[in-house]
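Residue-level structural notes
Each chain, letter by letter, is given below.
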Amino acid sequence: HRQSALPTTVPLLTLAGSRGDLLARFLWRWGLHLLLLMDALLASGLWMGATYLRFQSDRPIDPSGNYYWSLVFVVCWWWLTNAFMDLYSRPLEIAPLKQGKDLVKASCLFAMGMMSFGYLTKETLDPGRSIVLMVCAANPILLFTSRAWVRWIEMFLRKKGYGRVRTLLVGGGPLAERTWD
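The structure displayed is predicted, hence computed values, not measured ones. (Residues numbered from 1 in each chain as written. Predicted model: local features only at pLDDT ≥ 70, side-chain atom pairs only at ≥ 80, totals over all residues. Heavy atoms only, no water.)

**Some remarks on unusual backbone geometry**
Threshold: We count a stretch as a helix when DSSP gives it H or I for four or more residues in a row; a strand needs E for two or more, and each element gets its number in order from the N terminus. Exposure classes here rest on a 1.4 Å probe applied to the protein chains alone. A residue is buried below 20% of its type maximum, exposed above 50%, and partly exposed in between.
In this structure, aspartate 86 is a non-glycine residue whose phi angle is positive, near 60 degrees. Along the chain, the position of aspartate 86 falls in the loop between α3 (64-84) and α4 (96-120). By relative accessible area, which is 43% here, aspartate 86 ends up partly exposed.

**Some thoughts on the packing of α4 against helix α5 (residues 129-160)**
What counts, and what does not: Axis angles are defined between N-to-C directions and span 0 to 180 degrees, where every axis is a line fitted to C-alpha atoms and, for a helix, only to the segment in contact. An angle below 35 degrees is read as roughly parallel, one above 145 as roughly antiparallel, one from 65 to 115 as roughly perpendicular, and any other as oblique. Two helices that cross are described as forming a left-handed crossing if the nearer one is turned anticlockwise from the farther one by less than a right angle, and a right-handed crossing if clockwise. Any two residues having at least one pair of non-hydrogen atoms within 4.5 Å are treated as being in contact.
Remark: α4 packs on α5, axes separated minimally by 10 Å, with the N-to-C direction vectors making an angle of 155 degrees. Taken together, the axis directions place α4 and α5 in an arrangement best described as roughly antiparallel. When the axes of α4 and α5 are compared, the crossing they make is right-handed. Facing Pro96, Gln99, Leu103, Ala106, Ser107, Phe110, Ala111, Met114 and Met115 of α4, the residues of α5 in contact are Val132, Leu133, Val135, Cys136, Asn139, Pro140, Leu143, Phe144, Arg147 and Arg151.

**Things to note about the pattern of salt bridges**
Selection criterion: Throughout this description, the term salt bridge denotes a Lys or Arg side-chain nitrogen within 4 Å of a carboxyl oxygen of Asp or Glu.
Throughout the structure, instances matching the rule amount to 3 salt bridges. Across the salt bridge formed by aspartate 39 and arginine 147, the nearest N and O atoms sit 2.8 Å from each other. Pair noted here: aspartate 39 is in helix α2 (residues 31-55) and arginine 147 is in helix α5, with a separation of 108 residues, a long-range link. We note that aspartate 39, like arginine 147, is buried. For the salt bridge of aspartate 126 with lysine 122, the shortest nitrogen-to-oxygen distance reads 3.5 Å.

**Some details on the environment of proline 96**
With respect to the element layout, proline 96 can be found in helix α4. Along the chain, proline 96 and arginine 147 lie 51 residues apart, while their C-alpha atoms are 10.0 Å from each other.

**Some details on a nonpolar patch on the surface**
Applicable threshold: Patch definition: residues with relative accessible area over 30% and no salt bridge; like charges joined within 9 Å; nonpolar side chains (Val, Leu, Ile, Met, Phe, Trp, Tyr) joined within 5 Å. We get accessible surface area from the Shrake-Rupley algorithm with a probe of 1.4 Å; when it comes to residues, only the shown protein chains can shield them.
Together, Tyr52, Leu53 and Met134 give the surface a local cluster of nonpolar side chains, amounting to about 320 Å² of exposed area. Within the secondary structure, leucine 53 is located in helix α2. Leucine 53 sits in the exposed class, given a relative accessible area of 53%.

**Overview of the side chain of threonine 81**
The line we're drawing: For the purposes of these results, a polar contact is taken to be a pair of N or O atoms within 3.5 Å, where, inside protein, one atom must be able to donate a hydrogen and its partner to accept one; residues adjacent in sequence count only when each atom of the pair is a side-chain atom.
Note on placement: threonine 81 falls in helix α3. Engagement of the side chain of threonine 81 in a polar contact is seen with the backbone oxygen of tryptophan 78, the distance being 3.0 Å. Beyond its immediate stretch of four places on either side in the chain, threonine 81 contacts Ala106, Leu109 and Phe110.

**Re α3**
Using the following cut-off: To estimate the expected span of a helix, subtract one from its residue number and multiply by 1.5 Å. Here the bend at a residue is taken as the angle between two axes, fitted respectively to the seven residues that end there and the seven that start there.
Taking 1.5 Å as the rise per residue, α3 with 21 residues should run 30 Å; its terminal C-alpha atoms sit 30 Å apart, in good agreement. Taking the largest bend as the criterion, α3 deviates by roughly 25 degrees, centred on serine 70. As for α3, its buried residues are in contact with α2, α4 and α5. Looking at the residues trailing α3, positive phi occurs at aspartate 86, about 60 degrees.

**Here we look at the packing of aromatic side chains**
Put simply, the test is: Here is the rule: rings of Phe, Tyr and Trp (six-membered ring for Trp) pair when centre to centre is within 6.5 Å. Planes less than 30 degrees apart are stacked, more than 60 are edge-to-face, and the remainder are tilted.
If you walk through the whole model with that rule in mind, you get 6 aromatic pairs. Look at tryptophan 47 and tyrosine 67: their rings are 6.4 Å apart centre to centre, the planes differ by 45 degrees, and that puts the pair in the tilted class. Here the residue tryptophan 47 occupies a position in helix α2, and tyrosine 67 occupies one in helix α3, the gap between them amounting to 20 residues. Just as tryptophan 47 is buried, tyrosine 67 falls in that class too. Taken together, the ring pairs in this structure connect Trp47, Phe55 and Tyr67 into an aromatic cluster.

Written as structure tokens, this is what we have:
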């Protein structure tokens, strides 16, 4: 009696070759890199926007060079807090309520780190309490908006059929039937 061959599963991605599909394929494959880039741009824009608003006031402020050096910490800390709270995993694989809790935790951790940074660098960089507070206040709003936007894009792509994996079962017999079930 000869034993039947083991079934083989072959994932078939549903990707076609038109120009619109190339954009979707690019977004799907490079999503994490785009998310990191988007977070860097958001953190930079938030920090520089708060600095710009602070420079518009009549009260004296430190030279702008200090704020450019602080920007490096802001972006890196933004990335680390989001990574600690697992915000760089696929948004659709996480329940929205859990992701909301993680966003709140990440925002609190970001605020604590920024307050500590402001205190520890008071003598050297002195990022300014008003700027740190503005950034900490706007962080949860931007973080929630960016993740909602990413979730919406991924849902849109999934509705179009991107990221769906279909499996081709090659083989037969009882083992193939059990795999099918």
